[in-house]
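# Topology and contacts: notes
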Amino acid sequence: MILTGPEIARQVEQGRITMDPFDPARCTTNSYDLALGHRLLVYLDDVLDPRLPSAHETREIPAAGYLLEAGDFVLAETAERLGSDHYVPLIHAKSGFARLGAFAHVTADLIDLGFHGRSTLQLYATLPVTIFPGMLVAQATFWVPYGEIELYTGKYQGADGPLPSRSHLDPWAAAARD
(Lines give C-alpha, C1' and ligand atoms only; values in the text may rest on other atoms or scores of the structure.)
Protein backbone atom coordinates (compact mmCIF):
# COMPACT_ATOMS: atom_id res chain seq x y z
CA MET A 1 0.00 0.00 0.00
CA ILE A 2 1.36 3.42 -0.99
CA LEU A 3 0.74 6.59 1.03
CA THR A 4 -1.03 9.50 -0.64
CA GLY A 5 0.44 12.99 -0.52
CA PRO A 6 -1.91 14.18 2.25
CA GLU A 7 -1.08 11.05 4.28
CA ILE A 8 2.66 11.67 3.80
CA ALA A 9 2.13 15.15 5.25
CA ARG A 10 0.22 13.70 8.24
CA GLN A 11 2.92 11.13 8.89
CA VAL A 12 5.64 13.82 8.77
CA GLU A 13 3.63 15.88 11.29
CA GLN A 14 3.30 12.80 13.54
CA GLY A 15 7.05 12.09 13.31
CA ARG A 16 6.63 8.74 11.58
CA ILE A 17 8.38 10.04 8.43
CA THR A 18 11.51 12.20 8.59
CA MET A 19 11.56 14.94 5.96
CA ASP A 20 13.73 17.93 6.81
CA PRO A 21 13.23 20.47 5.48
CA PHE A 22 9.57 19.74 4.79
CA ASP A 23 7.29 21.77 2.50
CA PRO A 24 3.70 20.48 2.39
CA ALA A 25 3.32 22.07 -1.07
CA ARG A 26 5.74 19.44 -2.41
CA CYS A 27 3.38 16.59 -1.50
CA THR A 28 1.87 15.31 -4.73
CA THR A 29 -0.92 12.78 -5.25
CA ASN A 30 1.20 9.91 -3.90
CA SER A 31 4.77 11.16 -3.41
CA TYR A 32 6.96 13.94 -2.07
CA ASP A 33 9.16 15.97 -4.44
CA LEU A 34 12.86 15.88 -3.52
CA ALA A 35 15.29 18.70 -4.28
CA LEU A 36 18.89 18.40 -5.36
CA GLY A 37 21.33 19.40 -2.62
CA HIS A 38 24.43 21.50 -3.19
CA ARG A 39 27.09 18.75 -3.32
CA LEU A 40 27.97 16.07 -5.81
CA LEU A 41 30.61 13.37 -5.93
CA VAL A 42 32.72 12.50 -8.96
CA TYR A 43 34.77 9.31 -9.25
CA LEU A 44 38.38 9.86 -10.32
CA ASP A 45 39.37 6.29 -11.18
CA ASP A 46 39.06 5.10 -14.79
CA VAL A 47 37.92 1.67 -13.58
CA LEU A 48 36.02 1.11 -10.35
CA ASP A 49 36.88 -2.03 -8.40
CA PRO A 50 34.11 -2.85 -5.88
CA ARG A 51 36.66 -4.65 -3.67
CA LEU A 52 38.54 -1.40 -3.02
CA PRO A 53 37.67 2.19 -2.01
CA SER A 54 37.41 4.42 -5.09
CA ALA A 55 39.18 7.74 -5.47
CA HIS A 56 36.64 10.55 -5.67
CA GLU A 57 36.14 14.22 -5.01
CA THR A 58 33.18 16.16 -3.71
CA ARG A 59 32.22 19.31 -5.60
CA GLU A 60 29.84 22.15 -4.85
CA ILE A 61 27.10 22.76 -7.38
CA PRO A 62 27.31 26.49 -8.12
CA ALA A 63 24.16 28.61 -8.04
CA ALA A 64 24.75 29.19 -11.77
CA GLY A 65 24.50 25.42 -12.31
CA TYR A 66 26.73 22.46 -13.07
CA LEU A 67 26.86 21.07 -16.61
CA LEU A 68 26.51 17.33 -16.98
CA GLU A 69 27.77 16.28 -20.41
CA ALA A 70 26.17 13.34 -22.21
CA GLY A 71 27.53 10.18 -20.59
CA ASP A 72 28.46 11.84 -17.27
CA PHE A 73 27.67 9.95 -14.10
CA VAL A 74 27.79 11.66 -10.72
CA LEU A 75 26.47 11.01 -7.25
CA ALA A 76 24.48 13.84 -5.73
CA GLU A 77 22.63 14.44 -2.48
CA THR A 78 19.05 15.19 -1.68
CA ALA A 79 18.56 18.56 -0.03
CA GLU A 80 16.30 16.79 2.45
CA ARG A 81 17.21 14.48 5.26
CA LEU A 82 14.64 11.71 4.95
CA GLY A 83 13.70 8.30 6.28
CA SER A 84 11.21 6.31 8.30
CA ASP A 85 11.05 3.53 10.88
CA HIS A 86 7.46 2.83 9.79
CA TYR A 87 7.34 3.11 5.98
CA VAL A 88 9.65 2.00 3.16
CA PRO A 89 10.74 4.94 0.98
CA LEU A 90 11.36 4.47 -2.73
CA ILE A 91 13.02 7.21 -4.79
CA HIS A 92 12.17 7.76 -8.44
CA ALA A 93 13.10 10.45 -10.95
CA LYS A 94 10.61 13.21 -11.61
CA SER A 95 9.29 12.91 -15.13
CA GLY A 96 10.30 16.50 -15.94
CA PHE A 97 13.91 15.68 -15.11
CA ALA A 98 13.79 12.43 -17.09
CA ARG A 99 12.39 14.31 -20.09
CA LEU A 100 15.59 16.37 -20.13
CA GLY A 101 17.49 13.17 -20.91
CA ALA A 102 18.67 12.77 -17.32
CA PHE A 103 18.36 9.68 -15.16
CA ALA A 104 17.99 10.12 -11.42
CA HIS A 105 18.20 7.15 -9.15
CA VAL A 106 17.42 4.56 -11.82
CA THR A 107 18.96 1.78 -9.76
CA ALA A 108 18.98 1.26 -5.99
CA ASP A 109 15.66 3.06 -5.58
CA LEU A 110 14.76 1.18 -2.38
CA ILE A 111 15.66 3.04 0.81
CA ASP A 112 15.94 0.67 3.75
CA LEU A 113 13.35 0.83 6.50
CA GLY A 114 15.06 2.70 9.35
CA PHE A 115 17.54 4.66 7.18
CA HIS A 116 17.68 8.35 8.08
CA GLY A 117 19.91 10.82 6.24
CA ARG A 118 20.46 12.61 2.96
CA SER A 119 19.96 10.09 0.22
CA THR A 120 22.66 9.71 -2.43
CA LEU A 121 21.19 10.08 -5.91
CA GLN A 122 22.78 8.49 -8.95
CA LEU A 123 22.56 11.00 -11.81
CA TYR A 124 23.33 10.07 -15.41
CA ALA A 125 23.01 12.39 -18.42
CA THR A 126 22.08 11.06 -21.86
CA LEU A 127 22.11 14.63 -23.22
CA PRO A 128 23.96 17.70 -21.95
CA VAL A 129 21.93 19.12 -19.07
CA THR A 130 22.63 21.74 -16.41
CA ILE A 131 21.66 20.89 -12.84
CA PHE A 132 21.03 23.42 -10.07
CA PRO A 133 20.89 23.19 -6.29
CA GLY A 134 17.27 23.14 -5.18
CA MET A 135 15.85 21.86 -8.47
CA LEU A 136 13.27 19.11 -8.07
CA VAL A 137 14.82 15.99 -9.59
CA ALA A 138 13.24 13.07 -7.73
CA GLN A 139 10.26 12.00 -5.70
CA ALA A 140 9.90 9.74 -2.70
CA THR A 141 7.01 7.35 -2.27
CA PHE A 142 6.29 5.62 1.03
CA TRP A 143 5.09 2.04 1.29
CA VAL A 144 3.60 0.08 4.19
CA PRO A 145 5.77 -2.91 5.14
CA TYR A 146 4.26 -6.30 5.77
CA GLY A 147 5.86 -8.60 8.33
CA GLU A 148 8.38 -8.25 11.10
CA ILE A 149 10.34 -5.00 10.97
CA GLU A 150 14.11 -4.92 11.36
CA LEU A 151 15.53 -1.41 11.11
CA TYR A 152 18.54 -0.59 8.93
CA THR A 153 21.85 -0.03 10.74
CA GLY A 154 24.15 -0.33 7.72
CA LYS A 155 27.16 1.47 6.33
CA TYR A 156 25.22 4.40 4.82
CA GLN A 157 23.15 5.25 7.94
CA GLY A 158 23.10 8.95 8.80
CA ALA A 159 24.54 10.05 5.44
CA ASP A 160 25.16 13.77 5.17
CA GLY A 161 26.15 14.32 1.58
CA PRO A 162 26.70 12.08 -1.42
CA LEU A 163 28.54 8.91 -0.44
CA PRO A 164 30.64 6.72 -2.74
CA SER A 165 30.09 2.99 -2.90
CA ARG A 166 31.14 1.25 0.27
CA SER A 167 30.92 -2.22 -1.24
CA HIS A 168 34.58 -2.72 -0.28
CA LEU A 169 33.36 -3.03 3.33
CA ASP A 170 31.17 -6.05 2.53
CA PRO A 171 32.43 -9.46 3.70
CA TRP A 172 32.61 -10.80 0.13
CA ALA A 173 34.94 -7.93 -0.84
CA ALA A 174 37.31 -8.64 2.04
CA ALA A 175 37.36 -12.33 1.08
CA ALA A 176 37.99 -11.42 -2.58
CA ARG A 177 40.99 -9.24 -1.60
CA ASP A 178 42.64 -12.08 0.33
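Here the structure is shown first, and the text comes after it.
About the criteria used
Residues numbered from 1 in each chain as written. Predicted model: local features only at pLDDT ≥ 70, side-chain atom pairs only at ≥ 80, totals over all residues. Heavy atoms only, no water. Helix = DSSP H or I, 4+ residues; strand = E, 2+ residues; numbered from the N terminus. Rg over C-alpha atoms; globule rule 2.2 N^0.38 Å. Buried < 20%, exposed > 50% of the residue type's maximum accessible area, 1.4 Å probe, protein only. Contact = heavy atoms within 4.5 Å. Areas by Shrake-Rupley, 256 points an atom, 1.4 Å probe, with all protein chains shown as cover. Phe/Tyr/Trp six-rings, centres within 6.5 Å; stacked < 30°, edge-to-face > 60°. 1 Å grid on protein atoms, 1.4 Å probe; cavity = no way out; pocket = protein on both sides within 12 Å on 5 of 7 lines; lining within 4 Å. Points joined across faces, edges and corners; volume = space filled by probe spheres on them. Nonpolar A, V, L, I, M, F, W, Y, C, P; charged D, E, K, R; others polar. Core = buried A, V, L, I, M, F, W, Y, C linked by side-chain atoms within 4.5 Å. Salt bridge = Lys/Arg side-chain N within 4 Å of Asp/Glu carboxyl O. Polar contact = N/O pair within 3.5 Å; in protein donor to acceptor, adjacent residues only side chain to side chain.

For the rest of this paragraph, the subject is the overall build of the protein chain. In terms of regular secondary structure, the protein chain is built from three helices and 10 strands. Start at the N end of the protein chain and walk to the C end: the helices and strands fall as α-β-β-β-β-β-β-α-β-β-β-β-α. The C-alpha atoms of the protein chain give a radius of gyration of 17 Å, which matches the 16 Å a tight globule of 178 residues would have. Projected onto its principal axes, the C-alpha positions of the protein chain cover 45 × 40 × 20 Å. When the 178 residues of the protein chain are sorted by exposure, 43% land in the buried category. Of the contacts formed within the protein chain by residues at least 6 apart in sequence, a portion of 73% connects residues at least 24 apart. Split by element, the accessible area of the protein chain, about 9,200 Å² in all, is 56% carbon and sulfur.

What follows is about the packing of aromatic side chains. Here the structure, examined in full by the defined rule, presents three aromatic pairs. Centre to centre, the rings of Phe22 and Tyr32 are 5.4 Å apart; their planes meet at 20°, and the pair counts as stacked. One end of the pair, Phe22, is in the loop between strand S1 (18–20) and strand S2 (32–43); the other, Tyr32, is in strand S2, with 10 residues separating them in the sequence. Both rings, one in Phe103 and one in Tyr124, keep their centres 5.8 Å apart while their planes meet at 35°; by these two values the pair is tilted. Highlighted residues: Phe103 in strand S7 (residues 102–104) and Tyr124 in strand S8 (residues 116–125), separated in sequence by 21 residues.

On to the layout of surface pockets. Considered as a void within the structure, the largest pocket measures approximately 450 Å³ in volume. Lining the largest pocket are 20 residues, with His105, Ala108, Thr120, Gln122 and Tyr156 sitting closest to its centre. Residue assignment for the lining of the largest pocket shows that the elements contributing at least two residues are strand S5 (73–83) and S8. Here the residues of the lining of the largest pocket are counted per class, giving 12 nonpolar, six polar and two charged.

One finds Leu36, Leu123 and Ile131 to be the most contacted residues of the largest nonpolar core, which totals 38 residues. Considering each element in turn, this core owes the most residues, five residues, to S2. Other than its neighbours up to four places away in sequence, Leu36 contacts Ile61, Ala76, Glu77, Ala79, Leu121, Leu123, Ile131, Phe132, Pro133, Gly134, Met135 and Val137.

Another point: the pattern of salt bridges. Side chains that differ in sign of charge can pair as their charged atoms come close. As enumerated under the stated definition, the model contains nine salt bridges in all. Taking the shortest distance from any N to any O, the salt bridge between Arg39 and Asp160 comes out at 3.5 Å. You can see Arg39 sitting in strand S2 and its partner Asp160 sitting in the loop between strand S10 (136–143) and helix H3 (171–177), a full 121 residues away along the chain. The class of Asp160 is exposed, set by a relative accessible area of 52%. With a closest N to O distance of 2.6 Å, Arg51 and Asp49 form a salt bridge. We classify Asp49 as partly exposed; its relative accessible area is 23%.

As for its position among the elements, Thr78 is in strand S5. Among the polar contacts listed, one links the side chain of Thr78 to the backbone oxygen of Glu80, at a separation of 2.7 Å. What Thr78 contacts, discounting residues up to four positions off in sequence, is Leu34, Ala35, Gly37, Arg118, Ser119 and Leu121.

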